[in-house]
Amino acid sequence: MEPEIDNSSRTILVTGATGYVGGRLVPILIQKGYKVRCLVRDPERLKGRPWFSKVEAFTGNVLNEESLTKAMEGVDSAYYLIHSMASKGDYAEIDQLAARNFSKAAEVNKLKNIIFLGGLAQQSASLSKHLKSRQDTGNALRVYSTPVTEFRCAVVVGSGSISFELIRYLSERLPLMVCPRWVYTKTQPISIKTVLQYLSAALEKPDCIGKIFEVGSEEVMSYGDMMKKYAKIRGLKRLMIPVPVLTPKLSSYWVNFVTPIQARIARPLVLSMKNENIIKDFSAREAFPEIIPDSYETAVTN
């Protein structure tokens, strides 16, 4: 039996603790024995969490350099799990500024590592604004000297994930679905459980610091495949009719009409679905051999 590792001397900063991934990561870090500090604009938003009394809630903002630098005092490593898609301004510009501020504060406080959850896609001239912003954010986090461990993934499967909820809503609400071109785009979904395994394991793998990992399940599926399989699991009969002339931009209005997802969030997500999200670099399998990604069906049913 391996000896237990004492992590109590390490303070880990988590941004995005009020969000989908960050809110699920925090209790895992607590269970592993880390001291957890959550950077939030409004600590009141954390008070309903069962783990609230076990973390340090630090009031601050990634757009405020002074508060960010103070938040990182005494911190070992930090998670960057935020994005600005719901903001009223240009989310890509805001993300770049926030990431540069974060990188600078990490350097000032001599952090060992920044861990970032980015987007899976190959660089190309046709890369959507959303996916380009995710990759640009990773690059902005590297502007200063602190190494960045970046996990790039496609659709995160789990209740509460916006990209998965989009698939769920369309599958549940439309017995007859008019399918735009993006329905046939190939991707490799990943369960929220697997994402959390990678993120938490990164703190325990010194050899992985500063590297980029493409992660996902073993299955290459189209968005249509995911909707069909979801419908089958739910016992729903669905008919899909291809309409190639329905562009991603037009279909984003359609998605906004039939789902409750806000237009400012749904639109960039749908526009990014024109880009394939396929793993080309399999180094994550070698670096994290203990992690066996869930299948799509397991991710949906669990």
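Please read all numbers here as calculations on a predicted model, not as lab measurements.

Trainee: Tell me about the overall build of the protein chain, residues and numbers included.
Mentor: Each helix and strand in the protein chain was counted, giving 11 helices and 13 strands. Relative to a compact globule of 302 residues, whose C-alpha radius of gyration would be 19 Å, the protein chain shows 19 Å and is just as compact. In the protein chain, buried positions account for 54% of the 302 residues. Sequence separation of 24 or more characterises 79% of the internal contacts of the protein chain that already satisfy a separation of 6 or more.

Trainee: Report on the sheet that holds strand β11 (residues 212-214), specifying residues and quantitative values.
Mentor: Each strand in a sheet pairs with another by means of backbone hydrogen bonds, the pair being arranged parallel or else antiparallel. Read from one edge of the open sheet, seven strands run β3-β2-β1-β4-β5-β6-β11, paired in parallel fashion. The strands lining the two open edges of the sheet, one partner per strand, are β3 (56-59) and β11. Ignoring which end each strand starts from, the neighbouring axes of this sheet average 20° apart. By the bridge criterion, four bridges tie strand β2 (residues 35-40) to β3 in an arrangement that is parallel. Across the sheet, residue Cys38 finds its bridge partner in β3, namely Ala57.

Trainee: Give me the lowdown on the packing of aromatic side chains, citing residues and values where you can.
Mentor: Here a ring pair, both rings aromatic, is described through the centre-centre distance and the interplanar angle of the planes. Counted by the stated rule, this structure contains nine aromatic pairs. Aromatic side chains Tyr80 and Phe102 sit 4.9 Å apart centroid to centroid with 70° between the ring planes, which places their arrangement in the edge-to-face category. In this pair, Tyr80 sits in strand β4 (residues 77-80) while Phe102 sits in helix α3 (residues 91-108), placing the two residues 22 residues apart along the sequence. In this pair, the class of Tyr80 matches that of Phe102, namely buried. Where Phe164 meets Tyr230, the ring centres are 6.0 Å apart and the plane angle is 75°; that geometry is what we call edge-to-face. Of this pair, Phe164 sits in helix α5 (residues 162-173) while Tyr230 sits in helix α7 (residues 223-234), and the two are 66 residues apart along the sequence. Considered together, Phe164 and Tyr230 belong to a single accessibility category, that of buried residues. Grouping aromatic residues by their ring pairs yields a cluster made of Phe151, Tyr198, Phe213 and Phe288. The cationic tip of Lys129 hangs over the ring face of Tyr91; the distance from NZ or CZ to the ring centre is 5.0 Å.

Trainee: So, the nonpolar core: which residues are in play, and what are the values?
Mentor: Judged by nonpolar contacts, the single largest core of 39 residues is most densely connected at Val21, Val26, Leu29, Tyr79, Phe151, Leu199 and Phe288. If sequence neighbours within four positions are ignored, Val21 has contacts with Leu81, Leu117, Ile192, Val195, Leu196 and Leu199. One finds Val157, Cys179, Met226 and Ile261 within the second-largest nonpolar core, a separate group that totals 29 residues.

Trainee: Break down the side chain of Asp294 for me, citing the residues and quoting the values.
Mentor: Mapped onto the secondary structure, Asp294 falls in the loop between α10 (283-287) and α11 (296-301). Setting aside chain neighbours within four positions, we find Asp294 in contact with Ser191, Lys193, Thr194, Ser217 and Ala299.

Trainee: Account for a nonpolar patch on the surface, with residues named and values stated.
Mentor: Together, Leu176, Leu239 and Ile241 make up an exposed nonpolar region whose accessible area comes to about 270 Å². By the secondary structure assignment, Leu239 is in strand β13 (residues 239-242).

Trainee: Hey, could you go over the environment of Arg173 for me, with residue numbers and the actual values?
Mentor: Mapped onto the fold, Arg173 is located in helix α5. In sequence terms Arg173 and Arg238 are 65 residues apart; their C-alpha atoms lie 9.8 Å from each other.

What counts and what doesn't
- Residues numbered from 1 in each chain as written.
- Predicted model: local features only at pLDDT ≥ 70, side-chain atom pairs only at ≥ 80, totals over all residues.
- Heavy atoms only, no water.
- Helix = DSSP H or I, 4+ residues; strand = E, 2+ residues; numbered from the N terminus.
- Rg over C-alpha atoms; globule rule 2.2 N^0.38 Å.
- Buried < 20%, exposed > 50% of the residue type's maximum accessible area, 1.4 Å probe, protein only.
- Contact = heavy atoms within 4.5 Å.
- Pairing = 2+ DSSP bridges.
- Axes fitted to C-alpha atoms, helices over the stretch in contact; angles between N-to-C directions.
- Phe/Tyr/Trp six-rings, centres within 6.5 Å; stacked < 30°, edge-to-face > 60°.
- Lys NZ or Arg CZ within 6 Å of the ring centre and 35° of its normal.
- Core = buried A, V, L, I, M, F, W, Y, C linked by side-chain atoms within 4.5 Å.
- Patch = residues over 30% accessible without salt bridge, like charges linked within 9 Å, V, L, I, M, F, W, Y side chains within 5 Å.
- Areas by Shrake-Rupley, 256 points an atom, 1.4 Å probe, with all protein chains shown as cover.
- Salt bridge = Lys/Arg side-chain N within 4 Å of Asp/Glu carboxyl O.

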